[in-house]
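If you want the building blocks of each chain, they are given just below.
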Amino acid sequence: MSLKTKVKRSVDKAFEKLKDLSVSATFDNRLVSDFDFGTGETVQEEDSYSTFGFLGSSKRYADGSVITTVTLTIRNDPEIVFDRYSQVTIDDVTYNCSVVSRDAFIVVLSLSGG
């Protein structure tokens, strides 16, 4: 068994064991797929992806001010391009999101707004 397979299994086990502490997250995005020159309107498609993950926060100080960073850590799904999503809804609150880091096992997103 390869090291990558062992690590993936360990990550999957950790996510399952901690599922009671997780939050439900739905990523939404509207994609413009076409422009109708006859009507002058864009044709949009809705794209969404639901999963669960874990919230985290950290604080740091800069110039005497506290800066709080909120992150969402989820399992990586190689089929999903997380960069295309700009919003995530957690417990009926919508946040702007951006990918902070991504590897073969997890994705960490920075959350703002809400």
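Since this is a predicted model, take the numbers as computed values, not measurements.

About the cut-offs
Residues numbered from 1 in each chain as written. Predicted model: local features only at pLDDT ≥ 70, side-chain atom pairs only at ≥ 80, totals over all residues. Heavy atoms only, no water. Pairing = 2+ DSSP bridges. Helix = DSSP H or I, 4+ residues; strand = E, 2+ residues; numbered from the N terminus. Phe/Tyr/Trp six-rings, centres within 6.5 Å; stacked < 30°, edge-to-face > 60°. Buried < 20%, exposed > 50% of the residue type's maximum accessible area, 1.4 Å probe, protein only. Polar contact = N/O pair within 3.5 Å; in protein donor to acceptor, adjacent residues only side chain to side chain. Contact = heavy atoms within 4.5 Å. Core = buried A, V, L, I, M, F, W, Y, C linked by side-chain atoms within 4.5 Å.

Quick look at the pairing of strand 5 (residues 93-102) now. Sheet analysis places strand 4 (residues 87-90) next to strand 5, joined by four bridges and oriented antiparallel. Residue pairing in the sheet places Ile 90 in a bridge with Val 93 of strand 5. Between strand 4 and strand 5, which pair antiparallel one after the other, the connecting turn spans two residues, and Asp 91 there sits at a positive phi close to 50 degrees. Judged from the six bridges that link them, strand 5 and strand 6 (residues 106-112) form a sheet pairing that is antiparallel. Bridge pairing in strand 6 places Cys 97 opposite Leu 111.

Applying the stated rule across the entire model yields seven aromatic pairs. Plain terms: the ring middles of Phe 27 and Tyr 85 are 5.7 Å apart, the flat faces sit at 55 degrees to each other, and that makes the pair tilted. With a gap of 58 residues between them, Phe 27 in strand 1 (residues 23-36) and Tyr 85 in the loop between strand 3 (65-75) and strand 4 connect regions that are remote in the sequence. Owing to a relative accessible area of 0%, Phe 27 belongs among the buried residues under this scheme. Look at Tyr 85 and you get buried, because its relative accessible area is 5%. Connected via pairs of aromatic rings, a cluster forms that spans Phe 27, Tyr 49, Phe 82 and Tyr 85.

The backbone of Asp 63 shows a phi angle near 55 degrees, a positive value even though the residue is not glycine. Structurally, the position occupied by Asp 63 is in the loop between strand 2 (41-62) and strand 3. Here the phi dihedral of Asp 92 falls at roughly 65 degrees; this positive angle occurs in a residue that is not glycine. Inspection of the secondary structure puts Asp 92 in the loop between strand 4 and strand 5.

In this structure, Asn 76 sits in the loop between strand 3 and strand 4. At 2.7 Å, the side chain of Asn 76 forms a polar contact with the side chain of Arg 102. Among the polar contacts listed, one links the side chain of Asn 76 to the backbone oxygen of Asp 103, at a separation of 2.5 Å. Aside from chain neighbours lying at most four places away, what touches Asn 76 is Phe 82, Arg 102, Asp 103, Ala 104, Phe 105, Ile 106 and Val 107.

With that out of the way, let us pick up the nonpolar core. Counting 15 residues, the largest nonpolar core has Phe 27, Leu 72, Ile 74, Phe 82, Val 88, Ile 90 and Leu 109 as its most contacted members. Broken down by secondary-structure element, the contributors of at least two residues to this core are strand 1, strand 3, strand 4 and strand 6. In this view, Phe 27 contacts Asp 47, Ser 48, Tyr 49, Thr 51, Leu 72, Ile 74, Phe 82, Tyr 85, Gln 87, Val 88, Cys 97 and Leu 109; residues no more than four positions away in its chain are not counted. Of all hydrophobic cores here, the second largest spans five residues; its members include Val 11, Phe 15, Phe 52 and Phe 105.

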